[in-house]
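Fold and contact review
Here's the letter readout for the chains.
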Amino acid sequence: MSNALVAKVKELKKGIGILCPKCNEEMEITKKDISHDFKKKKEYNRMIYICRKDDVWVTIEVPQNTAN
Ligand SMILES: [Zn+2]
């Protein structure tokens, strides 16, 4: 694999680098799915991050690429 691709895979594995507000360590993605906002007719990539030792959860919803 090229270096760029290795970096990309690494990036995907660690998600977008959300830090736990308690211990300040990088949180782990525990779930990925898609949510829908029917009013806005948009779809969102939903990711749930967890810090197991602190029992902290974060949900992030990122709009999928759509032409505005
Ligand atoms: Zn933590």
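Now for a description of the structure that goes with this document. Everything quoted here is computed from the prediction, not taken from an experiment.

Observations concerning the sheet that holds strand β2 (residues 42–51)
Within the open sheet, the three strands sit side by side as β1-β2-β3. Their pairing is antiparallel. Among the strands making up the open sheet, the edge pair consists of β1 (28–37) and β3 (56–63). Ignoring strand direction, the axes of neighbouring strands in this sheet form an average angle of 20°. As paired strands, β2 and β3 are joined by eight bridges and run antiparallel to one another. Residue M47 lies in a different strand from β3, and its bridge partner there is I60.

Digging into unusual backbone geometry
Non-glycine residue K41 carries a positive phi angle of around 55°. Counting through the fold element by element, K41 comes out in the loop between β1 and β2. For D55, which is not a glycine, the phi torsion comes out positive at approximately 60°. When you line up the elements, D55 lands in the loop between β2 and β3.

Procedures and definitions
- Residues numbered from 1 in each chain as written.
- Predicted model: local features only at pLDDT ≥ 70, side-chain atom pairs only at ≥ 80, totals over all residues.
- Pairing = 2+ DSSP bridges.
- Helix = DSSP H or I, 4+ residues; strand = E, 2+ residues; numbered from the N terminus.
- Axes fitted to C-alpha atoms, helices over the stretch in contact; angles between N-to-C directions.

Any link to function would need more than the numbers given here.
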